[in-house]
Amino acid sequence: MIPARYAPILFGLILSGLMSCMVSGIATLRATGLGAGVFALWMGAWTTSWAIAFPAVLLVAPLTRRLVSKLVRQD
C-alpha cells in the first residue's frame, strides 16, 4: 500500500489520467473521425496531455481548494 502522505499526489495522478484520457479521446475523435489508426493517435495525444495535466493539477489544486473554501458557506 501507498503511505497516506502521498494521497494528494496519487489523487492528482489518477484524476489527471482519467480526465486527460477522456478529453484527448473526444478531441481526437472529433478531429479525425472513427477510422484506422485513431487509437494510436488517441494514445499519443493522451500521453502528451497527461504529461501536462498531472503537474497542472498539482499546481492548481491548492488554489482551487482555497477558492472553493471562500465560495462555500461554513456552517
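Residues numbered from 1 in each chain as written. Predicted model: local features only at pLDDT ≥ 70, side-chain atom pairs only at ≥ 80, totals over all residues. Heavy atoms only, no water.

(A) How the structure looks around the overall build of the protein. Regarding its fold elements, the protein presents two helices and zero strands. Taken over C-alpha atoms, the radius of gyration comes to 16 Å for the protein, far larger than the 11 Å a tight globule of 75 residues would show. Its C-alpha atoms give the protein principal-axis dimensions of roughly 55 × 35 × 20 Å. Residues counted as buried form 12% of the 75 residues belonging to the protein. For the protein, the accessible area works out to roughly 6100 Å², and carbon and sulfur atoms hold 75% of it. (Helix = DSSP H or I, 4+ residues; strand = E, 2+ residues; numbered from the N terminus. Rg over C-alpha atoms; globule rule 2.2 N^0.38 Å. Buried < 20%, exposed > 50% of the residue type's maximum accessible area, 1.4 Å probe, protein only. Areas by Shrake-Rupley, 256 points an atom, 1.4 Å probe, with all protein chains shown as cover.)

(B) Highlighting the side chain of Thr28. When you line up the elements, Thr28 lands in helix α1 (residues 7-32). Note on Thr28: relative accessible area 10%, which makes it buried. Those residues in contact with Thr28, other than ones at most four positions away along the chain, are Gly33, Val38, Leu41, Trp42 and Ala45. (Contact = heavy atoms within 4.5 Å.)

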